[in-house]
Structure formats: C-alpha cells, structure tokens
Amino acid sequence: MSKKLKIISITVILLAIIFINLALKDDVQEIKKVMYSLNQPMTNIAHIEFLDNNQAIAFYEWGNQQDLYFGSALFKKNLFGWKLVNSFAGGLSHEHKLDWGFSNLESSFYGYTDLIRGKILDPQIEEVNIKTDGGNEFKANIIEYGDDQKFWFLVTDGEDLIGSTITGLSSDRKIIEQIIQ
C-alpha cells in the first residue's frame, strides 16, 4: 500500500470516528454540561429548544429567590459538539407579573432574527401574546418546568420584535399585565 493511500485511509477512519462519536452523544446532556460549566450559582435549566439539528436555545435561571436571574443561552453544534455562542440574562423584578428580555439572533443563528422571552411571575397568566410595531400578532410558546414554574418565548425569522407590546392574559382572557418594550 502506498504512503498516500495509507494517509487517506487513516484520515477517513479518523473522520468516521468523529462522526460516530458525535452521533452517539446526547445533545441535551452536552448542552447541560456546557451550561453548568459557567459556574453560575444554583443554575436551573428550564428548557432546551432545538431550532434545528445544529442550533438550540437553553432557557435557564440562576441565583436565589431574592436575587433571581432568568435568561437564554444560544448554542451551535460543530464537529466537536455543542458550543455556547452567546447568553443573555436579567434580574427578575418581583414588582411585575411578567418578565421579558430580547435578543437579536441574526449574528448568531442562521435563519432566525429575534428572540423575545421571559418568566411568568403570576400563576394567573395562561397566555402571552406579542403584537409588533408593524401590527402582526403572535402567541408565545409557554413552557412549564420545575414545581409550577412557567416561562414564555417567541423566535422569529424576519419579524422585528423591537417595540412590541407583550400581553399576559388569564384563562378567561383578562389582561394581567401589558408591557410595551
């Protein structure tokens, strides 16, 4: 066997090992491992949303009840696993019934432009609606986690969410809180 053929064979074998290793990894566990490596005290991962096979958002909180932060971390998958691209977190104000935060995704993710999200601080809130400056309306995804905790989020592809009105509604459609960001 020629030297050139040996090098090609070894390269193919190494690439096969890398791809098999990636295929066998648990994506959720890999993302959690990266999140916990940030060493934020009392980190609780509320949910991981996979936008596609190579892009994900982890929603998390950290801190204690008096000084609690809620945020999102953006992840991309490469040849070596999941990599943290960016994260955003803000302190929760218990004066409000609905928390919110905004992230522009264009520089981090392909095919997505905006993320708006927040923790639901009033258990009466059952629905969160977003109305953009352009007049388009969206119903946010609501995720339950932990012991009766909830948060909401909306990811868009091309829809500008800056300046949106966020409305938290009860089950009987009563406005619990409305925020104009």
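We now turn to the structure provided with this report. Please read these numbers as outputs of a predicted model, since none were measured by experiment. (Residues numbered from 1 in each chain as written. Predicted model: local features only at pLDDT ≥ 70, side-chain atom pairs only at ≥ 80, totals over all residues. Heavy atoms only, no water.)

1. Some remarks on the sheet that holds strand β10 (residues 149-156)
Each strand in a sheet pairs with its neighbour through backbone hydrogen bonds, running either in the same direction (parallel) or in the opposite one (antiparallel). Note the threshold: At least two DSSP bridges between two strands are required for those strands to pair. Strands here mean DSSP runs of E at least two residues long; helices mean DSSP runs of H or I at least four residues long; both are numbered from the N terminus. In this analysis, axes come from line fits to C-alpha atoms, helices being fitted only over the stretch in contact, and the angle between any two N-to-C directions falls in the range 0 to 180 degrees.
On the basis of which strands lie adjacent, the open sheet formed by 4 strands has the order β5-β6-β10-β9 and antiparallel pairing. The open sheet has two free edges, formed respectively by β5 (101-104) and β9 (141-145), since each of these has just one partner strand. This sheet shows a mean twist of 20° between the axes of neighbouring strands, independent of strand direction. In this structure, β5 lies alongside strand β6 (residues 114-120), joined through 4 bridges in antiparallel fashion. Among the inter-strand pairings, F102 is bridged to a residue of β6, identified as I116.

2. Focus on helix α2 (residues 27-36)
Here is the rule: The buried label applies to any residue whose accessible area, calculated with a 1.4 Å probe on protein chains only, is under 20% of its type's maximum; exposed applies above 50%, and partly exposed to all values in between. This arc is taken over the directions from the axis of the helix to the C-beta atoms. Any two residues having at least one pair of non-hydrogen atoms within 4.5 Å are treated as being in contact. Polar contact is the term for a pair of N or O atoms within 3.5 Å; when the atoms are in protein, one must be able to donate a hydrogen and the other to accept it, and sequence-neighboring residues count only if both atoms are side-chain atoms.
Among the residues of α2, those classed as buried are I31, V34 and M35. All buried residues of α2 lie within an arc of 100° about the axis, which places them on one face of the element. Those residues of α2 that are buried are in contact with β1 (44-52), β2 (55-64), β3 (67-78) and β4 (81-91). Measuring from the backbone nitrogen of V28 back to the side-chain oxygen at the start of α2 gives 3.1 Å, which picks out D26 as the cap.

3. Description of the side chain of S108
Positionally, S108 belongs in the loop between β5 and β6. The class for S108 is buried, based on a relative accessible area of 7%. If we ignore the near neighbours within four places in the chain, the residues touching S108 are Q55, L74, K76, V85 and N86.

4. Considerations on the pattern of salt bridges
This is how it is decided: One speaks of a salt bridge when a side-chain nitrogen belonging to Lys or Arg is within 4 Å of a carboxyl oxygen belonging to Asp or Glu.
Inspection of the entire model under this criterion finds 4 salt bridges. Residues K77 and D27 are paired through a salt bridge, measuring 3.2 Å at the closest nitrogen-oxygen approach. Of the two residues, K77 is situated in strand β3 and D27 in helix α2; the sequence distance between them amounts to 50 residues. The partly exposed category is assigned to D27, whose relative accessible area is 22%.

5. Concerning the pairing of β4
A regular strand places its side chains on the two faces of the sheet in alternate fashion. Relative to β4, β3 runs antiparallel, the two being bridged by 10 bridges. Residue pairing for β4: L74 is matched across the bridge by N86. Counting the residues in the hairpin turn of β3 and β4 gives 2 residues.

6. Regarding the packing of aromatic side chains
Condition: Only rings of Phe, Tyr and Trp enter the pairing, Trp through its six-membered ring, and a pair is recorded when the two centres are within 6.5 Å. The plane angle decides the type: under 30 degrees is stacked, over 60 is edge-to-face, the rest tilted.
This structure, assessed with the given rule, holds 7 aromatic pairs. Site record: aromatic cluster; members linked through ring pairs are F59, F70, Y145, F151 and F153.

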